[in-house]
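The lines below spell out each chain.
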Amino acid sequence: MTAKINGRTLACLMAFFLMLPPTLVRAEIPLAHFARDNEFQSVRISPNGDYIALIAPSGNRTGLVVMRLSDRKIRVASTFGQNLHVNQLWWVGPERLAFSLIAKDPEIEVFNDQGILGAVNADGTGLVQLPGWLQMVDPLPDNPARAVVAEQPDWYYKDEGAPLAWFRLLNVFDGSLSRRRPAPERGAAAFLADRAGQVRFVIIHDKNLVPHAHWRGADKDDDWQRVEFPSVADPMRQVRPLRLAPDATQAYVRSWDAAGRLCLVRLDLKTGRQTALACDPSADLDDVVFSSDGSEPLAAVFASGRPEIRWLESSHAEQPLLRAALKSLGGGERHVVPVSATSDGSRFVLYAYGDRDPGQYFIFDRRTNETSLLVSQREWIDPGAMSEVRPVTFEARDGYRLHGYLTLPRGRPASKLPLIVNPHGGPFWVRDRWNWDADAQMLASRGYAVLQVNFRGSGGYGRSHTEAGKQGWGTVMIDDITDGLRWATAQGLADPSRVCIYGASYGGFAALTSAIRYPELYRCVIDYVGVYDLASFNWLAFAAGTGTFSRYIDEYVGRSGTLLKAQSPKTHIGELRAPVLIVHGGADERVPIKHAQALRADLEKRKHPYEWLVKDSEAHGFYNEQNRIELYERMLAFLDKHIGTGIDTAAPGTPPAP
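Scoring rules and cut-offs
The residue numbers shown here count from 1 along each chain, following its written sequence. With the structure being a predicted model, the display of local features is reserved for residues of pLDDT at least 70 and the display and counting of side-chain atom pairs for 80 or more, all residues being used for whole-chain, interface and lining totals. With hydrogens and water set aside, each side-chain value is computed from the structure's full complement of heavy atoms. Strands here are runs of E lasting at least two residues and helices are runs of H or I lasting at least four, both read from the DSSP assignment and numbered beginning at the N terminus. Classification of residues uses two cut-offs on accessible area relative to the type maximum, computed with a 1.4 Å probe and protein chains only: under 20% is buried, over 50% is exposed, and between them is partly exposed. Only heavy atoms enter the contact rule, under which two residues are in contact if any of them lie within 4.5 Å. Accessible surface area values rest on a Shrake-Rupley calculation with a 1.4 Å probe, where residue burial reflects the displayed protein chains alone. Should DSSP find at least two bridges between two strands, the strands are taken to pair. Note on method: axes are straight lines fitted to C-alpha atoms, helices fitted across the in-contact stretch only, with angles between N-to-C directions ranging 0 to 180 degrees.

So what's going on with the overall build of the protein chain? Which residues, and what values?
Scanning the protein chain from N- to C-terminus turns up 12 helices and 35 strands. The buried share among the 658 residues of the protein chain stands at 55%. Partitioning the intrachain contacts of the protein chain with sequence separation of at least 6 by distance along the chain shows that 57% fall at a separation of at least 24. When the accessible area of the protein chain is evaluated, it comes to approximately 27,500 Å², of which 49% is carbon and sulfur surface.

What follows is the structure, given as structure tokens:
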């Protein structure tokens, strides 16, 4: 027997449930849905449009899948051994696919940065491992037997003794290599080749991280010629070549303008003249949409808030068709961008994502003007059940304009919400974005709003924005995060008596430091693989290598022992009032576990309340799905305990009971 509920009764029930605090309303979305990795990624279409290749994680390995488009049948589904993961894909011919593998230590959940190249036919035959530690420069899809590859010295950590970068032609069937040819000077090199496979242009970052450009003629024995280029340090190698024009006398480059913004620039390789094709007054160039043959940029993407496509002046036939296709898929709710195309431009792979949508891949067929779904990255996620991510802007205490994102729990009024402040890691040249974020969506599904601030030091908003955070780990960056919180409470969006802060890596440092400097604002802290002692952290950076990386640490983090001590949470731990959840990986090399252990020891001396979650097999972050689920469970229990219901939150920052 079933009871009937009339519309008025249902409306009253819904209103009642919406008024309940987050600890009494629990969404049905399992935590495992947020902890799982993407099912598919990096979708690439073959030059003739017959096949789709994609990367597919599977337990302790990541494989590749090749699907025939005509019947959607899987032709290849291969993995390459335990703890081996396919990282990138390139079609090197109509039926030949190259890929890179990275290894993960079987004892710890961490990946090796270097890759091994391999190649396989679209039907699964002809699998070979290619020699050496090589980087793909150009797959040369018009030459099915060859690709241009580079051997790159680990320059970022070395001094003047580092070797030159080299480039050479690779036979993608038997692995044979042509004679090595050197870059024109020492440094980290990014090469561009013409359609014939001749390397014609390179940007090299020297030991001081200043980029230098070089160009040469079509003959392989032609000498390199220096191209005039802005002489400004570029710590994260933001300046990089994108494509060569068909005649190889011009290059499209991501480069700084006079105002310190990253723009799309056309560089005349003979004269050095730079022409800015697309710039934004507040945001750096995020992406470029090129025609299928790579001959012309069709659009540029900027993202001060939501990503925005700006179409360039062009007579290329693909532009109006792509504009229509992207608009139809986006619908105002998603950002859509082409990620792969056939050599004749008849078919494109489009990637669509949004704040509520983790991402889907579509095929757009120019001949029929039809779009069809290929795969979803997380098909178990229902976008309709996810929460809005709202771009926000506000002024810091000194009038400086800042950007960020506020995730608002679905189905709850945007008023007096319990809030989690979530500073990002990095911190320099890294930023938060308008997209589906597993941590933020998980917290929002349980009723918490999440604030992410792109504080000074973050990337994406011009060179001056990043450099304004230099040596400000514990000062200006923390003030910007705090001003974001104060903005959210002043707007009535957040309940000032129910605020906690959670961050990883630099974000863990920022979480601790924020609660130390502003104890009246935070009820609890989650420190995830965070730095505790800056002096110790800086010494480890020196130990990791000499030269370039150490100079970067000196300039951006700080070299003065007085400065590092003054900005370290360890120095001021006695001022902390909020309880702490400490989360760390026992095998973390980036921020060794001794930081967490020192924090725990200092809290115990003071009888300060804390909780402890350490996984010995994890490194700088939790990669194992079950460990991430446990992390989410512990986080939610900790948050509910301190900013949930049934507790006195009238006086944030009061000294905790022993």
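Talk me through the pairing of strand E11 (residues 166-171); I want residue IDs and the actual numbers.
Inspection of the sheet shows strand E10 (residues 146-151) paired to E11 by 6 bridges, in the antiparallel sense. Directly across from valine 149, in E11, lies its bridge partner arginine 168. One ladder, built from 2 bridges, connects E11 with strand E12 (residues 181-182); its direction is antiparallel. Directly across from tryptophan 166, in E12, lies its bridge partner proline 182.

An account of the sheet that holds strand E18 (residues 250-256) is requested, with residue identities and associated values reported.
Taken in spatial order, the 4 strands make up an open sheet running E17-E18-E19-E20, and their pairing is antiparallel. Whereas interior strands pair on both sides, the edge strands pair on one side only; in this sheet they are strand E17 (240-244) and strand E20 (274-278). The mean inter-strand angle of the sheet, taken between neighbouring strand axes irrespective of direction, is 35°. Where strand E19 (residues 262-268) meets E20, 4 bridges bridge the pair, whose relative direction is antiparallel. Bridge pairing in E20 places leucine 264 opposite alanine 278.

Can you explain unusual backbone geometry? Please cite residues and give values.
Residue proline 427 is bonded to the preceding glycine 426 through a cis peptide linkage, with omega at -5°. Positionally, proline 427 belongs in the loop between strand E30 (417-421) and helix H4 (438-445). The phi dihedral of glutamine 471 is positive, around 55°, even though this residue is not glycine. Locating glutamine 471 in the fold gives a position in the loop between helix H5 (463-467) and helix H6 (476-490). With a phi close to 55°, lysine 607 is a non-glycine residue in the positive phi region. For lysine 607, the position within the fold is in the loop between helix H11 (594-605) and strand E35 (610-615).

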